[in-house]
Amino acid sequence: MSEVYGTTELTGVGCVTPHGSSAPTALGSPLPGTEMALGEDGEILFRGDHVADRYWETRDVAASTTRGEWYPTGDYGEFDAEGRLHRADGS
């Protein structure tokens, strides 16, 4: 079993914590082709070719849900001393 983190706009999964990880509460590593960063306020951001550019029958989602090339998740995080990303609320 592995922990995954993502949203619908990330086509479901943005990163995965592998089974047996020494940091089970970390959000994990981004999937191939995915970049993950923190905004100035600590908001978790993603970008990649799989980030949705539209919803069913709606063509202009990218303009309203992204900031430039980055998709802001609405979740906030912080990196630990080993560089692993955790949600700011500890989950």
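Before reading on, note that the structure itself is shown above.
Residues numbered from 1 in each chain as written. Predicted model: local features only at pLDDT ≥ 70, side-chain atom pairs only at ≥ 80, totals over all residues. Heavy atoms only, no water.

A. Just the pattern of salt bridges, in detail. For the coordinates displayed, the defined rule picks out four salt bridges. Put simply, Arg 47 and Glu 69 hold a salt bridge, and the shortest N to O gap is 2.5 Å. Taken together, the positions of Arg 47 in strand 5 (residues 43-48) and Glu 69 in the loop between helix 1 (61-65) and strand 6 (71-79) put the pair 22 residues apart, joining distant regions of the chain. Classification of Glu 69 by relative accessible area gives exposed; the value is 60%. Measuring nitrogen to oxygen at the nearest pair gives 3.8 Å for the salt bridge that ties Asp 75 to Arg 87. With Asp 75 in strand 6 and Arg 87 in strand 7 (residues 85-87), this residue pair connects regions lying 12 residues apart in the sequence. Judged by its relative accessible area of 23%, Arg 87 falls in the partly exposed class. One salt-bridge network, in which partners are shared between bridges, spans Glu 35, Arg 47 and Glu 69. (Salt bridge = Lys/Arg side-chain N within 4 Å of Asp/Glu carboxyl O. Helix = DSSP H or I, 4+ residues; strand = E, 2+ residues; numbered from the N terminus. Buried < 20%, exposed > 50% of the residue type's maximum accessible area, 1.4 Å probe, protein only.)

B. Expanded view of the packing of aromatic side chains. Throughout the structure, instances matching the rule amount to one aromatic pair. Ring geometry for Tyr 5 versus Phe 46: centroids 6.0 Å apart, planes at 25 degrees, classification stacked. One end of the pair, Tyr 5, is in strand 1 (residues 3-5); the other, Phe 46, is in strand 5, and 41 residues separate them in sequence. (Phe/Tyr/Trp six-rings, centres within 6.5 Å; stacked < 30°, edge-to-face > 60°.)

C. Examining the side chain of His 86 more closely. Its location among the elements puts His 86 in strand 7. Here the side chain of His 86 touches Asp 80 through a polar contact of 2.9 Å, side chain to side chain. (Polar contact = N/O pair within 3.5 Å; in protein donor to acceptor, adjacent residues only side chain to side chain.)

D. Structural detail: the pairing of strand 4 (residues 34-38). Here five bridges tie strand 4 to strand 5, and the two strands are oriented antiparallel to one another. Looking at strand 5, one finds that Met 36 is bridged to Phe 46. Taking the residues between adjacent antiparallel strands as the criterion, strand 4 and strand 5 are bridged by four residues, where Gly 42 takes a positive phi near 90 degrees. (Pairing = 2+ DSSP bridges.)

E. Local environment of the sheet that holds strand 7. Read across the open sheet, the four strands follow the order 4-5-6-7; overall the sheet is antiparallel. If you trace the sheet from one side to the other, it starts and ends with strand 4 and strand 7, each paired once. Mean inter-strand twist for the sheet, computed between neighbouring axes without regard to direction, equals 50 degrees. Both strand 5 and strand 6 contribute to a ladder of three bridges, which runs antiparallel. (Axes fitted to C-alpha atoms, helices over the stretch in contact; angles between N-to-C directions.)

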